[in-house]
Amino acid sequence: IDLDAIAHNVGVVRRIAGAHTKVFAALKANAYGFGITKVAKVVLSSGADAISLVDVQTAVKLRRRRIDAPILLYGGVPMSKDVAMAVCRYNLIPTILDSSAAETLSRAATNPLRVFVKIDVGLERLGIAPEEAVSFIKHLRALPNLIVHGVYSHLHVPDGSDAYLDWQFARFRIVIDALKEQSIEIPVKMVASTAVLYALPNAMLDAVDPGHMLFGLRTDGPARLNVKLRSAFRSLKSCLLQVKSLHRMEFRDCAPFRLTDEMRIGIFPMGLVDGIQSLTCGQVLVRGKRVPILGKPTLEHTRLDLTNVPEARVGDEVVVIGSQHLEEIRPDKVLEHQRMAPVELALAVRESIRRVYTTQGQRGLPDTDCRRGRLPARRGRCP
């Protein structure tokens, strides 16, 4: 994972947003699969003002790692008493979606607590209807210890959607104008996710909350911004665990893959549990050559046909995505083969795979949170 690329992309967002617009770095789903702790530190040191995510446990983890920047919790976690206590204890900024959640938080808070309200203007997902937003915010402001610090929405951004986008944004602006008419000051107004930044740059308001853009990922929808982003997904590698020749003559038609004479196979330790079924284009690189995957991956291993790489040995590097010598398997080719959206690639790499971070020419900084160290510690050798 290229931390310099993430830092570069945050800098791009900061230049687009300007000095007076807050940048909430959306790091949902373990920073879209790239690893929350390292990524959070990089985005904050590169120009982001705050972090936004869904999971309370992840937010608490960041606090325990001494990340004290504002953390916005998107809607998505039922507001139980325990969740409310955690929100108050770790100074998180929750999204309020109903009166019951607001009252639970109000009872739990012993000091003023900032909250956000989400307005659903067209995505038909979580959020308060625009027609109900002003009265709902008034109700929250009347509760003890709750401060409505922000209102936000996520827009639906399909292709060919100019009038539709304008309609959604106008619904949000109607709420903002109505609050202003009633002298209700809300410091943060935000609708600009990555897709909106590309499609509707004038919707930045007080804050933006891009996610995909931070990792060099494109989203569906129109693009009016011409920016140069860098991919954070650098490579996915393993190593050969075993290499052997097959001389089987009996029950050849029952084998888990098609056998050939003088066949040589290799096994590397990535399987279904690691998400390998979504991470290949049917080939990998060994010793600078493309070799096919044999049969279906098993739970923890994948077989390779090494017949045309007689020099391959145990410990050799296996490149699933990335470059090796003069050959390369690019992420976009894997996405095309798998028919996946760009955001799905890193998400498909399960947490069983160790994240290794590169920065300023350093070879790799291991993630201390990894559970199964499956990537090579150095070229051509297993850990």
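Refer to the structure printed above.
Just so it is clear, the structure is predicted and the values come from calculations on it, not from any experiment. (Residues numbered from 1 in each chain as written. Predicted model: local features only at pLDDT ≥ 70, side-chain atom pairs only at ≥ 80, totals over all residues. Heavy atoms only, no water.)

Caption draft 1: Looking closely at the layout of surface pockets. Each pocket or cavity is described by its volume, and for the second largest pocket that value is around 530 Å³. In terms of lining, the second largest pocket is formed by 23 residues, of which the most central are L155, S193, A195, H212 and T219. Contributions of two or more residues to the lining of the second largest pocket are made by α2 (28-32) and α9 (194-199). A per-class count over the lining of the second largest pocket returns 11 nonpolar, seven polar and five charged. (1 Å grid on protein atoms, 1.4 Å probe; cavity = no way out; pocket = protein on both sides within 12 Å on 5 of 7 lines; lining within 4 Å. Points joined across faces, edges and corners; volume = space filled by probe spheres on them. Helix = DSSP H or I, 4+ residues; strand = E, 2+ residues; numbered from the N terminus. Nonpolar A, V, L, I, M, F, W, Y, C, P; charged D, E, K, R; others polar.)

Caption draft 2: Highlighting the side chain of H212. Relative to the helices and strands, H212 resides in the loop between β8 (207-208) and β9 (236-239). Look at H212 and you get buried, because its relative accessible area is 19%. Setting aside residues no more than four positions away along its own chain, H212 makes contact with Y32, T194, L217, R218, T219 and V343. (Buried < 20%, exposed > 50% of the residue type's maximum accessible area, 1.4 Å probe, protein only. Contact = heavy atoms within 4.5 Å.)

Caption draft 3: Layout of the side chain of R264. Within the secondary structure layout, R264 lies in strand β11 (residues 263-268). Buried and unpaired, R264 has E311 as its nearest opposite-charge partner, separated by 6.6 Å. Within the local environment of R264, its side chain forms a polar contact with the backbone oxygen of P310, the two atoms lying 3.2 Å apart. Here the side chain of R264 touches A312 through a polar contact of 2.9 Å, landing on its backbone oxygen. Ignoring sequence-local partners within four residues, the contact set of R264 consists of V243, K244, S245, L304, D305, L306, T307, V309, P310, E311, A312 and R313. (Lys, Arg positive; Asp, Glu negative; His and termini not counted. Salt bridge = Lys/Arg side-chain N within 4 Å of Asp/Glu carboxyl O. Polar contact = N/O pair within 3.5 Å; in protein donor to acceptor, adjacent residues only side chain to side chain.)

Caption draft 4: Region of interest: the pairing of strand β2 (residues 50-53). A two-sided burial pattern is seen for β2, the buried positions comprising A50 and S52 on one face and I51 and L53 on the other. Note that strand β1 (residues 22-26) and β2 share three bridges and pair parallel. Looking across to β2, one finds that A26 is bridged to S52. Strand direction decides the pairing type here: β2 and strand β3 (residues 71-73), joined by three bridges, are parallel. What sits directly across from S52, in β3, is L72. Of the crossover connections in this fold, the one passing from β2 over helix α4 (residues 56-64) to the parallel β3 is right-handed. (Pairing = 2+ DSSP bridges. Right-handed = clockwise from strand over helix to strand, strands pointing away.)

Caption draft 5: Local environment of the packing of aromatic side chains. Applying the stated rule across the entire model yields seven aromatic pairs. Both rings, one in F116 and one in Y152, keep their centres 6.2 Å apart while their planes meet at 50°; by these two values the pair is tilted. Of the two residues, F116 is situated in strand β5 (residues 113-118) and Y152 in strand β6 (residues 146-152); the sequence distance between them amounts to 36 residues. Here F116 and Y152 have matching classes, each one buried. By way of ring pairs, the aromatic residues F24, Y74, F116 and Y152 are connected into one cluster. The ring of Y198 carries R218 above its face, with NZ or CZ at 4.2 Å from the centroid. (Phe/Tyr/Trp six-rings, centres within 6.5 Å; stacked < 30°, edge-to-face > 60°. Lys NZ or Arg CZ within 6 Å of the ring centre and 35° of its normal.)

Caption draft 6: Here's a closer look at the nonpolar core. Judged by nonpolar contacts, the single largest core of 124 residues is most densely connected at I6, L27, F215 and V286. Tallying contributions element by element places helix α8 (residues 162-181) first for this core, with six residues. In this view, I6 contacts I1, V39, V42, V43, L214, F215 and A232; residues no more than four positions away in its chain are not counted. The next biggest cluster of nonpolar side chains, apart from the first, holds seven residues, and it includes A255, F257, M263 and L294. (Core = buried A, V, L, I, M, F, W, Y, C linked by side-chain atoms within 4.5 Å.)

Caption draft 7: Region of interest: the pairing of strand β14 (residues 302-305). Inspection of the sheet shows β11 paired to β14 by four bridges, in the antiparallel sense. Note that in β14 the partner of F268 across the bridge is T302. Across two bridges, the pairing between strand β13 (residues 289-294) and β14 is antiparallel. Bridge assignment links I293 to a residue of β14, and that residue is L304.

Caption draft 8: Here's a closer look at the packing of helix α1 (residues 3-17) against helix α3 (residues 36-45). As a packed pair, α1 and α3 sit with axes 9 Å apart at the nearest point and diverge in direction by 40°. In this view, α1 runs oblique relative to α3, as classed from their interaxial angle. With respect to the hand of their crossing, α1 and α3 are arranged in right-handed fashion. Where α1 abuts α3, its residues L3, I6, A7 and V10 lie against V39, V42 and V43. Grouping the amino acids of the contact of α1 with α3 by side-chain chemistry returns seven nonpolar, no polar and no charged. (Axes fitted to C-alpha atoms, helices over the stretch in contact; angles between N-to-C directions. Parallel < 35°, antiparallel > 145°, perpendicular 65-115°, else oblique. Left-handed = near helix turned anticlockwise from the far one by under 90°.)

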